[in-house]
Amino acid sequence: LNRTIDFREVLEYSVRQTMDIFTGDAGAILLPDKAGRKIFVAASANLAEDFLSEVHGSEIDATIFGKVLKSDTVESIGRKGNPGLMPLSMKRSPFSSLVVFPLKAKGRAVGVGALFSETERVLEDAQREIIEGIGTVIGAAIENSRLHEETIQKTRLLESKNRELQQFTSAITHDLKSPILVIEGFARELKRNGHLEVDQDFLIDAIMTSSGRLHSLVNDLLDLAR
């Protein structure tokens, strides 16, 4: 998991690897929405469409998955032990047992993992500890990949804003530069061809000095934009 920070890849890899470790027949990762009211299937393997439809977007308080998310503990349920907690669609499936475990990051559950088995399974204490540890690894990987995705999105937004700023600056500096050049040109012509008094000559020098300063500021603004 540490070799990738791609969000989708982290989810799919986590499902496959957890199924392999615990010889599960199907698996899923479910994540809550930002409001913490509903839970969604983010990745799955070997699960029927009716199960996905039943669980995806369901109220957190209405499912075993939401219960685990809130309680932050591993739950192991089966047809023989506690069938009342099983999703309705699972009762119509070939699966006999379900293990749901929290995916933790920074001490809190950010989602849940689910393992389905066709045989009745009861978790031993050692297995429970292992699956809790795996949930912590997956949770940290999910959080890291989310941060990476957010960073990419913010970087793209910043690049877009920079392009807008550059376009705006270029347009403004172009619009400013044209009249400055006209003012400089006319002042220079007056100085060269006119029969000027001392006061007039002084004023034209002032116009040319101020125009030159403004020209320099416009060039500095272009450099800053670049």
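Keep in mind it's a predicted model, so treat the numbers as computed, not measured.

Peer 1: Can you walk me through the pattern of salt bridges in this structure?
Peer 2: When charged atoms on two side chains of opposite charge get close, those side chains can pair. Enumeration over the complete set of coordinates arrives at eight salt bridges. Here R92 and D50 are joined by a salt bridge, their closest N and O atoms 3.9 Å apart. Of the two residues, R92 sits in the loop between α4 (88-91) and β5 (97-105) while D50 sits in helix α2 (residues 49-55), which places them 42 residues apart along the sequence. We classify D50 as partly exposed; its relative accessible area is 37%. The partner of D201 in a salt bridge is K191, with the nearest N and O atoms 2.6 Å apart. Of this pair, D201 sits in helix α6 (residues 198-225) while K191 sits in helix α5 (residues 125-193), and the two are 10 residues apart along the sequence. On the basis of relative accessible area, K191 is assigned to the partly exposed category, the value being 33%.

Peer 1: Mind showing me how you'd approach the sheet that holds strand β6 (residues 108-117) here?
Peer 2: To summarise the sheet geometry, strands pair through backbone hydrogen bonds and adopt either a parallel or an antiparallel arrangement. Taken in spatial order, the six strands line up as β3-β2-β1-β6-β5-β4 in an open sheet, and their pairing is antiparallel. A single partner strand is all that each edge strand has here, and the edge strands are β3 (58-59) and β4 (75-78). Looking at chain direction, strand β1 (residues 26-32) and strand β2 (residues 38-45) are connected through six bridges and run antiparallel. Bridge pairing links A28 to S44 in β2. In the packing of α5 onto the sheet, the strands contacted are β1, β4, β5 and β6, and the crossing angle to β5 comes to about 50 degrees.

Peer 1: Is there a simple way to think about the side chain of R121 in this case?
Peer 2: By secondary structure assignment, the location of R121 is in the loop between β6 and α5. Within the structure, the side chain of R121 is placed 3.2 Å from the side chain of T23, a separation counted as a polar contact.

Peer 1: Got a minute to help me understand the environment of S89 in this structure?
Peer 2: Examined against the element boundaries, S89 turns out to sit in helix α4. Separated by 11 residues in the primary sequence, S89 and V100 have C-alpha atoms spaced 16 Å apart. Setting aside chain neighbours within four positions, we find S89 in contact with D50, F51 and E54.

Peer 1: In this structure, what is going on with the packing of aromatic side chains? I would like to understand it.
Peer 2: Here a ring pair, both rings aromatic, is described through the centre-centre distance and the interplanar angle of the planes. Under the criterion given, the structure shown has three aromatic pairs. Relative to F65, the ring of F51 has its centre 6.2 Å away and its plane inclined at 80 degrees; by these criteria the two rings are edge-to-face. On the criterion of sequence distance, the pair formed by F51 in helix α2 and F65 in helix α3 (residues 64-71) is long-range, its members being 14 residues apart. Exposure remark for F65: the relative accessible area of 0% places this residue in the buried category. Ring centres of F95 and F116 lie 5.4 Å apart, and the angle between their planes is 45 degrees; on these two criteria the pair is classed as tilted.

Peer 1: Sorry if this is basic, but what is going on with a nonpolar patch on the surface here?
Peer 2: On the surface, L165, F168, I172, L176, L221 and L224 cluster together to form a nonpolar patch covering roughly 570 Å² of accessible area. For the nonpolar patch, the secondary-structure elements that each account for two or more residues are α5 and α6. Tracing the backbone shows F168 in helix α5. Overall, the relative accessible area of 53% leaves F168 in the exposed class.

Peer 1: Can you help me understand a negative patch on the surface in this one?
Peer 2: Residues E124, D125, E129 and E132 make up a contiguous surface patch of negative charge. Locating E132 in the fold gives a position in helix α5.

Peer 1: Before we go on, may I ask you to explain the pairing of β5 in this structure?
Peer 2: Walk down a regular strand and you will see the side chains alternate between the two sheet faces. Burial of β5 is extensive: eight of the nine residues sit out of reach of the surface. As judged from the four bridges shared by β4 and β5, these two strands associate in the antiparallel manner. In the sheet register, G78 faces β5, and the bridge partner there is S97. Examined bridge by bridge, β5 and β6 share nine bridges and lie antiparallel to one another. Within the sheet, the bridge partner assigned to K104 lies in β6 and is A109.

Cut-offs and rules
- Residues numbered from 1 in each chain as written.
- Predicted model: local features only at pLDDT ≥ 70, side-chain atom pairs only at ≥ 80, totals over all residues.
- Heavy atoms only, no water.
- Salt bridge = Lys/Arg side-chain N within 4 Å of Asp/Glu carboxyl O.
- Helix = DSSP H or I, 4+ residues; strand = E, 2+ residues; numbered from the N terminus.
- Buried < 20%, exposed > 50% of the residue type's maximum accessible area, 1.4 Å probe, protein only.
- Pairing = 2+ DSSP bridges.
- Contact = heavy atoms within 4.5 Å.
- Axes fitted to C-alpha atoms, helices over the stretch in contact; angles between N-to-C directions.
- Polar contact = N/O pair within 3.5 Å; in protein donor to acceptor, adjacent residues only side chain to side chain.
- Phe/Tyr/Trp six-rings, centres within 6.5 Å; stacked < 30°, edge-to-face > 60°.
- Patch = residues over 30% accessible without salt bridge, like charges linked within 9 Å, V, L, I, M, F, W, Y side chains within 5 Å.
- Areas by Shrake-Rupley, 256 points an atom, 1.4 Å probe, with all protein chains shown as cover.
- Lys, Arg positive; Asp, Glu negative; His and termini not counted.
- Charge placed at Lys NZ, Arg CZ, Asp CG, Glu CD.

Interpretation note: all reported values are geometric properties and have no functional meaning in isolation.
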